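# Coordinate inspection notes
Here is how the chains run, residue by residue.
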Amino acid sequence: MPPVPSAPRLADVLAALDALWPPERAEQWDAVGTVCGDPDAPVTRVLFAVDPVQDIADEAVRIGADLIVTHHPLYLRGTTTVAASTFKGRVVHTLIKNDIALHVAHTNADSADPGVSDALAGALDLRVVRPLVPDATDPSGRRGLGRICELDRPATLRDFAARVAHRLPATAQGVRVAGDPDALVRTVAVSGGSGDSLFDQVRAAGVDAFLTADLRHHPVSEATQHSPLGLVDAAHWATEWPWCEQAAAQLDEISDRHGWDLRVHVSKTVTDPWSAHHSSGAPN
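Below is a summary of the structure that appears in this document. Treat the numbers as computed from the prediction; the structure is a model and nothing was measured. (Residues numbered from 1 in each chain as written. Predicted model: local features only at pLDDT ≥ 70, side-chain atom pairs only at ≥ 80, totals over all residues. Heavy atoms only, no water.)

## Considering the overall build of the protein chain
Helix and strand content of the protein chain: 9 helices and 11 strands. Here the C-alpha atoms of the protein chain give a radius of gyration of 20 Å, agreeing with the 19 Å that 2.2 N^0.38 yields for 284 residues. Taken over the C-alpha atoms alone, the protein chain extends approximately 60 × 45 × 35 Å along its principal axes. Across the 284 residues of the protein chain, 47% fall into the buried class. A fraction of 66% describes how many contacts in the protein chain between residues 6 or more apart in sequence connect residues 24 or more apart. Accessible area of the protein chain: about 14,300 Å², with a carbon and sulfur share of 51%. Of the charged side chains in the protein chain, 24 are positive and 37 negative; the average position of the first set lies 3 Å away from that of the second. (Helix = DSSP H or I, 4+ residues; strand = E, 2+ residues; numbered from the N terminus. Rg over C-alpha atoms; globule rule 2.2 N^0.38 Å. Buried < 20%, exposed > 50% of the residue type's maximum accessible area, 1.4 Å probe, protein only. Contact = heavy atoms within 4.5 Å. Areas by Shrake-Rupley, 256 points an atom, 1.4 Å probe, with all protein chains shown as cover. Lys, Arg positive; Asp, Glu negative; His and termini not counted. Charge placed at Lys NZ, Arg CZ, Asp CG, Glu CD.)

## A short note on the packing of helix 1 (residues 10-20) against helix 9 (residues 236-258)
One way to put it is that helix 1 packs onto helix 9 with a least axis distance of 11 Å and a crossing angle of 125 degrees. As summarised for this structure, helix 1 and helix 9 are arranged oblique, according to the angle between their axes. Crossing geometry of helix 1 relative to helix 9 is assigned as right-handed. Between helix 1 and helix 9, the residues in contact are V13, A16, L17 and L20 and Q250, L251 and I254, respectively. Taken together, the residues of the contact of helix 1 with helix 9 break down into 6 nonpolar, 1 polar and no charged. (Axes fitted to C-alpha atoms, helices over the stretch in contact; angles between N-to-C directions. Parallel < 35°, antiparallel > 145°, perpendicular 65-115°, else oblique. Left-handed = near helix turned anticlockwise from the far one by under 90°. Nonpolar A, V, L, I, M, F, W, Y, C, P; charged D, E, K, R; others polar.)

## Points about the pairing of strand 2 (residues 45-49)
With 4 of 5 residues buried, strand 2 is to be regarded as a mostly interior element. Across 4 bridges, the pairing between strand 2 and strand 11 (residues 263-266) is parallel. Looking across to strand 11, one finds that L47 is bridged to H265. Where strand 2 meets strand 3 (residues 67-70), 4 bridges bridge the pair, whose relative direction is parallel. Counterpart to L47 in the pairing with strand 3 is I68. With helix 2 (residues 54-63) bridging strand 2 and the parallel strand 3, this β-α-β connection has right-handed handedness. (Pairing = 2+ DSSP bridges. Right-handed = clockwise from strand over helix to strand, strands pointing away.)

## A closer look at the pattern of salt bridges
Side chains that differ in sign of charge can pair as their charged atoms come close. By the definition in use, this model includes 15 salt bridges. Here D12 ties to R9 by a salt bridge, and the two come within 3.4 Å at their closest N and O atoms. (Salt bridge = Lys/Arg side-chain N within 4 Å of Asp/Glu carboxyl O.)

## Quick look at the packing of helix 5 (residues 116-123) against helix 9
Helix 9 packs onto helix 5 with a crossing angle of 95 degrees between their chain directions and a minimal axis gap of 7 Å. The angle between helix 5 and helix 9 places the two elements in the roughly perpendicular class. Between helix 5 and helix 9, the residues in contact are V116, D118, A119, L120 and A123 and T239, E240, P242, W243 and Q246, respectively. A class-by-class count of the residues in the contact of helix 5 with helix 9 yields 6 nonpolar, 2 polar and 2 charged.

Put into structure tokens, the structure is as follows:
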């Protein structure tokens, strides 16, 4: 008879997560890894989310999760206090009071294989060709930041942006477009999260469009003057949320392989900070 599934220890789950997203592959400025949690505590439910905010902590309490895995760090720049009078301290207090661990996979998940941009490409049915910025330490050439992708069939920039708006989770921001809406898009660079530091690499890749988030006025203005590159700017949270589903599926597979009694959940709570959008009036 097969062994009866049993709950793994937190340390066992964290070891599996670190194998997926080794902490040493995070950027030097990043803050990844385990924020709180007892290594010997049993884990029966895991909640994946983008942001370690109070709404997510409360959701973990409601569903009885023992571990939250988020993409964004709680304390990116460090802290001198976890007092509950601060909003981040309140998150820590909620987690510890309810025996919930918190683990972060950020830039180490961005550059993984598969990583955040693979999940974004998958949500849009794009075929991944190669990394946008390859990881020089990966002999297979599969790891790295961003992805170069091909569409299943050419589409106008307008229609590609509509696909993005339809496939990604809805946010107040929606999707912004820069460039000729009727230009044909066959190849696209994608980078989940903030991507306007990657314009040089995107132009060098020779793609027709670039999908990312948090694009600012001056980089976009300069990019549109450099070339006919189409730009699609979605909400930061929306471009990274597909990773939660991908990561949850990865942990599910590991759980099945080890015979763990583990339930994996993906939060659908919208933690994008923007709450409303009003289109401006047409110019006179």
